[in-house]
Amino acid sequence: MTDPTVPATPPATDAGAPPVAPPTDGPQYEFNDAQNQVINDLATAIVWVRLPLLVAALLQAMIAVGLAFRVGRDGAHIVGVLGHALSSVVCFMLANWLMRAAAAFARVTTTTGRDISHMMTALRSLGAWFDLLAFFVKLYLLLLGLLLAILCFGLLFGTFREAV
């Protein structure tokens, strides 16, 4: 008598075969031509936003390298080197996320059968882009608030008055 919980023959597996992606839950929504045009226009606009970000990243990197040569003469330039290097990295990251989003939006308009999956990939990339951008806007506002508090403190307690 055989045990019903044990299969009679083990399933055949190919050890060298790559794992197969699970099948989708069914057919996905397919955007029409007018919707594809809107999505394609967005992808093009994203690429045009990415280009100035890449230029800014390259310029920031060049400034950081140039200032790095000055650190030996004036150690205070290390702040500029770090600031410009950080700005360069952030711009490169933003440009990379924008390129991923633009590519995913383009796949929505050029492929069939996976529009929603490609759209979700594009939206995740844009979400990461806006998360980083939101962090820096919040940081900027925090620094402005700190500067305003320092200025108010100085005005209230006479820090900015000339010595008589």
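Reading the values: rules and limits
- Residues numbered from 1 in each chain as written.
- Predicted model: local features only at pLDDT ≥ 70, side-chain atom pairs only at ≥ 80, totals over all residues.
- Heavy atoms only, no water.
- Axes fitted to C-alpha atoms, helices over the stretch in contact; angles between N-to-C directions.
- Helix = DSSP H or I, 4+ residues; strand = E, 2+ residues; numbered from the N terminus.
- Parallel < 35°, antiparallel > 145°, perpendicular 65-115°, else oblique.
- Left-handed = near helix turned anticlockwise from the far one by under 90°.
- Contact = heavy atoms within 4.5 Å.
- Nonpolar A, V, L, I, M, F, W, Y, C, P; charged D, E, K, R; others polar.
- Patch = residues over 30% accessible without salt bridge, like charges linked within 9 Å, V, L, I, M, F, W, Y side chains within 5 Å.
- Areas by Shrake-Rupley, 256 points an atom, 1.4 Å probe, with all protein chains shown as cover.
- Salt bridge = Lys/Arg side-chain N within 4 Å of Asp/Glu carboxyl O.
- Core = buried A, V, L, I, M, F, W, Y, C linked by side-chain atoms within 4.5 Å.
- Buried < 20%, exposed > 50% of the residue type's maximum accessible area, 1.4 Å probe, protein only.

### Describing the packing of helix α2 (residues 77-110) against helix α3 (residues 115-156)
Point 1. Where α2 contacts α3, the axes come no closer than 8 Å and their chain directions differ by 160°. Classed by the angle they form, the pair α2 and α3 counts as roughly antiparallel. By crossing handedness, the relation of α2 to α3 is classed as left-handed. Two secondary-structure elements touch here, α2 through V90, M93, L94, W97, L98, R100, A101, A104, F105, R107 and V108 and α3 through D115, H118, M119, T121, A122, L123, S125, L126, A128, W129, L132 and F136.
Point 2. Of the residues belonging to the contact of α2 with α3, the class tally is 17 nonpolar, three polar and three charged.

### Things to note about a nonpolar patch on the surface
Point 1. On the surface, F130, L133, V137, Y140, L141, L144, L147 and L151 cluster together to form a nonpolar patch covering roughly 740 Å² of accessible area.
Point 2. With respect to the helices, strands and loops of the structure, L133 is situated in helix α3.

### Some thoughts on the nonpolar core
Point 1. Ranked by size, the top nonpolar core spans 22 residues in total, and within it I46, L53 and F105 carry the most contacts.
Point 2. By residue number, the principal contributor to this core is α2, which donates eleven residues.

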